[in-house]
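# Summary of structural features
Below, each chain spelled out in residue letters.
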Amino acid sequence: MRSTAGAWHAIGGVPVDSEGSLVANAVIQRASGKTEIARVRFTLPKVPPPVSQPLAVDSSFTRPLDAATIARIDRENAHAREIGRLAHDRPPMWTASFLKPRTSVITSEFGSGRLFNGALTTRHLGVDFRGAVGEPVLASNRGVVALVDNFFLAGNVVYVDHGGGVVTAYFHLSKTLVAAGDTVKRGQQIGLVGNTGRVTGPHLHWAARYGAITVNPLDLVALGGKWYVSSSSRPAAASRTSAAR
Ligand SMILES: [Zn+2]
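Residues numbered from 1 in each chain as written. Predicted model: local features only at pLDDT ≥ 70, side-chain atom pairs only at ≥ 80, totals over all residues.

## What about the nonpolar core?
Membership of the largest hydrophobic core comes to 34 residues, with the highest contact counts inside it found for Val137, Val157, Val158, Tyr159, Val167 and Tyr170. Elements with a minimum of two residues in this core: β9 (127-130), β10 (136-138), β11 (143-151), β12 (155-163), β13 (166-173), β16 (189-192) and β17 (203-210). If you tally residues by element for this core, the top one is β13, at six residues. Leaving out residues up to four positions away in the same chain, tyrosine 170 has contacts with Pro101, Val137, Val157, Val158, Ile190, Gly191, Leu204 and Trp206. (Core = buried A, V, L, I, M, F, W, Y, C linked by C-beta atoms within 7 Å. Buried ≥ 20, exposed ≤ 12 C-beta atoms within 10 Å, placed from the backbone. Helix = DSSP H or I, 4+ residues; strand = E, 2+ residues; numbered from the N terminus. Contact = placed C-beta atoms within 7 Å.)

## A closer look at the pairing of β9
Where strand β6 (residues 106-108) and β9 come together, two bridges link them in antiparallel fashion. By the bridge assignment for β9, isoleucine 106 is matched with phenylalanine 129. Here four bridges tie β9 to β17, and the two strands are oriented antiparallel to one another. Bridge pairing links valine 127 to tryptophan 206 in β17. (Pairing = 2+ DSSP bridges.)

## Some points on the pairing of β13
Counting buried residues in β13 gives eight out of eight residues, a clear majority hidden from the surface. As paired elements, β12 and β13 share six bridges and run antiparallel to each other. Note that in β13 the partner of tyrosine 159 across the bridge is alanine 169. Linkage of β12 to β13, two consecutive antiparallel strands, is achieved through a turn of two residues, within which glycine 164 is found at a positive phi near 65 degrees.

## Quick notes on the environment of valine 148
By the element assignment, valine 148 lies in strand β11. C-beta crowding within 10 Å serves as the criterion here: with 20 such atoms nearby, valine 148 is assigned to the buried category. Taking the C-alpha atoms as reference points, valine 148 and threonine 176, 28 residues apart in sequence, are found 7.6 Å from one another. With sequence-adjacent residues up to four places away left out, valine 148 is seen in contact with Val158, Thr176, Val178, Ala179 and Ala180.

## Considerations on unusual backbone geometry
One non-glycine residue with positive phi stands out, namely histidine 172, at about 70 degrees. Tracing the backbone through its elements, the reader meets histidine 172 in strand β13.

## A closer look at the environment of phenylalanine 151
Counting through the fold element by element, phenylalanine 151 comes out in strand β11. Look at phenylalanine 151 and you get buried, because 22 C-beta atoms sit within 10 Å. When the C-alpha positions of phenylalanine 151 and isoleucine 73 are compared, they lie 7.6 Å apart, and in sequence the two are 78 residues distant. Apart from residues lying up to four places away in sequence, phenylalanine 151 is in contact with Glu76, Val157 and Gly197.

## Re the environment of glycine 201
Relative to the assigned elements, glycine 201 resides in the loop between β16 and β17. With 11 C-beta atoms counted inside 10 Å, the residue glycine 201 sits in the exposed group. C-alpha of glycine 201 to C-alpha of valine 133: the two residues are 68 residues apart in sequence and 9.3 Å apart in space.

## Considering the sheet that holds β10
With antiparallel pairing, three strands are arranged side by side in an open sheet as β10-β16-β14. A single partner strand is all that each edge strand has here, and the edge strands are β10 and β14 (175-176). Bridge count for β10 against β16 is three bridges, and the pairing is antiparallel. The residue bridging leucine 138 from the neighbouring strand is glutamine 189, located in β16.

## Considering the confidence of the model for the protein chain
Looking at the protein chain as a whole, its pLDDT mean stands at 84, while 79% of the residues score no less than 70. pLDDT under 50 marks residues 230-245. Its contacts with residues more than four places away, or in other chains, come to 34 contacts. (pLDDT = per-residue confidence, 0-100.)

As structure tokens, this is what we get:
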């Protein structure tokens, strides 16, 4: 997307455990119809080792799930990935920087390892904000609501498609205030904090996707103002990149 005169910017995502470097192919489609590919090599930041968060949890959290539940989780994960892929088909909708969905304290960072009763399970692929049931959850930026549903792990969820491949998601809500297809404003209240899904207490789990890849939503906030799409800019010809390790 164009953000300043003469400069074009693109965003991309890499899996959380990626290390070393990667080459991104930026596909540039000229108005003439000609296509060029610019190859750019990036060095990835070192991935911090998982930080354990011992949680004394009820055995219902560590008991193996039955086949029907595993199939349901797989279906829901596939649905979420598909929403991410479809976000590439929509031009970027945001005209200002991304906001945190709550102003409260962050209680768990993105990427931290999780210990359940002494066993390391998966990395935490979102950011947790403190909150009591009923407190507000705000849309991080302008977008179209892609999904409102009830997921086994995430409980009541809202997914917002911001275009340009970017999706933000809001989990464990006690109540949702929007419907699929709604256009939401940056900072609009879209739901209430809750403890639905597989959680030990009320909080907001905030997630983000770039296409099918889960990324740190705070990286969107860190982009700041320089990344917004000015109203005079055209849909990004160069915003879609494909990365190869
Ligand atoms: Zn979380």
